[in-house]
Amino acid sequence: MNIAIIGAGAGIGLQSVTQALKKGHTVTALSTNTNQIPNHPNLIKINGSATSPVDLKNAIKVSDAVLITVGTKNKKATTLFSDIASTLLQVTQDLNFSSPVLVITGFGAGESKRYLSFFMKTVISLFLKDQYINKTKMEEIITNSALKWEIIRPGMLTNHDANLAYKAISGLKKGIKVGKISRADVADYLINEAENPKRLYQYVALTN
């Protein structure tokens, strides 16, 4: 299958590119910097922006699944995530797009904020507050659209190797515990879900 990975230059996106190619898929990788993505016969690299309708349309137009894995190191107020969501809606409407769109936000976005541990609530409040406010807006834009969506909310990300023992939790309930998870394990979930979507129209928390 052809998998479009948006935000493919680092982190979860780069892990997803590597894993998808290993499994024999064709990958279209969109990133503002594709230099870190190794060349591969089944890889198409697009150096561009997820907020550009032209770049995003070129990335997803022939895809069987889209993975939105964009992150930012910017701790200041940002509209990046909601801008991507708005651009995605514009492009998918133009394309009459019907393939699944799997979107990474984070545990702490939307209603999951109420279920954070005291530690993570403090970390997000001190360092990532503006990011998570905008990730929540991104979720709202996408889930109120006609897209075939899935929202994936990983816990605290690590660079450990995949151990494939992670949990995918649908729904929020008192006592839910969402801790660390490696970017490699998040990528494993994304590729498996792209191949065989089981949790469309759900919010899924990922944790070890």
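Model, not experiment: these values are computed from the prediction.

Procedures and definitions
- Residues numbered from 1 in each chain as written.
- Predicted model: local features only at pLDDT ≥ 70, side-chain atom pairs only at ≥ 80, totals over all residues.
- Heavy atoms only, no water.
- Helix = DSSP H or I, 4+ residues; strand = E, 2+ residues; numbered from the N terminus.
- Rg over C-alpha atoms; globule rule 2.2 N^0.38 Å.
- Buried < 20%, exposed > 50% of the residue type's maximum accessible area, 1.4 Å probe, protein only.
- Contact = heavy atoms within 4.5 Å.
- Lys, Arg positive; Asp, Glu negative; His and termini not counted.
- Charge placed at Lys NZ, Arg CZ, Asp CG, Glu CD.
- Core = buried A, V, L, I, M, F, W, Y, C linked by side-chain atoms within 4.5 Å.
- Phe/Tyr/Trp six-rings, centres within 6.5 Å; stacked < 30°, edge-to-face > 60°.
- Axes fitted to C-alpha atoms, helices over the stretch in contact; angles between N-to-C directions.
- Parallel < 35°, antiparallel > 145°, perpendicular 65-115°, else oblique.
- Left-handed = near helix turned anticlockwise from the far one by under 90°.
- Nonpolar A, V, L, I, M, F, W, Y, C, P; charged D, E, K, R; others polar.

In terms of helices and strands, the chain carries five helices and ten strands. Its C-alpha atoms give the chain a radius of gyration of 16 Å, within 12% of the compact-globule value 17 Å for 208 residues. Taken over the C-alpha atoms alone, the chain extends approximately 45 × 35 × 30 Å along its principal axes. Residues classed as buried in the chain amount to 50% of the 208 residues present. In the chain, of all internal contacts separated by at least 6 residues, the share reaching a separation of at least 24 is 71%. The centroid of the 24 positive side-chain charges in the chain is displaced by 7 Å from the centroid of its 14 negative side-chain charges.

Attention now moves to the environment of Lys 174. Mapped onto the elements of the fold, Lys 174 is located in the loop between β8 (167–170) and β9 (180–182). Assessed through its relative accessible area of 83%, Lys 174 is described here as exposed. Considering only alpha carbons, one finds Lys 174 and Asn 144, 30 residues apart in sequence, at a separation of 26 Å.

Here we come to the nonpolar core. With 26 residues, the main nonpolar core has Val 17, Val 27, Leu 67, Leu 190 and Leu 206 as its most contacted residues. Mapped onto this core, the elements with two or more residues apiece are β1 (2–6), α1 (11–22), β2 (26–31), β4 (65–68), β5 (100–104), α5 (183–195) and β10 (203–207). Residue contacts for Leu 67: discarding those within four places in its chain leaves Ile 3, Ala 4, Ile 5, Ile 6, Ser 16, Leu 102, Leu 190, Ile 191 and Ala 194. Counting residues in hydrophobic clusters, the runner-up holds 25 residues, among them Ile 6, Val 70, Val 91 and Ile 151.

The final tally for this structure, using the stated rule, is two aromatic pairs. Between the aromatic rings of Trp 149 and Tyr 201, the centroid separation amounts to 5.7 Å while the plane-to-plane angle is 85°, which identifies the pairing as edge-to-face. Of this pair, Trp 149 sits in strand β6 (residues 148–154) while Tyr 201 is found in the loop between α5 and β10, placing the two residues 52 residues apart along the sequence. For Trp 149, a relative accessible area of 8% puts it in the buried group. For Tyr 201, a relative accessible area of 47% gives the class partly exposed. Each member of the aromatic cluster is reached from another via a ring pair, and the members are Trp 149, Tyr 201 and Tyr 203.

Now for the packing of helix α3 (residues 80–95) against helix α4 (residues 118–143). It is at 7 Å that the axes of α3 and α4 come closest, and there the two elements cross at 15°. It follows that α3 is roughly parallel to α4 by the angle criterion. In the crossing of α3 with α4, the sense of the turn from one axis to the other is right-handed. In contact with Leu 80, Phe 81, Ser 82, Ile 84, Ala 85, Ser 86, Leu 88 and Leu 89 of α3, α4 contributes Gln 131, Asn 134, Lys 135, Lys 137, Met 138, Ile 141 and Ile 142. Tallied by class, residues from the contact of α3 with α4 come to nine nonpolar, four polar and two charged.

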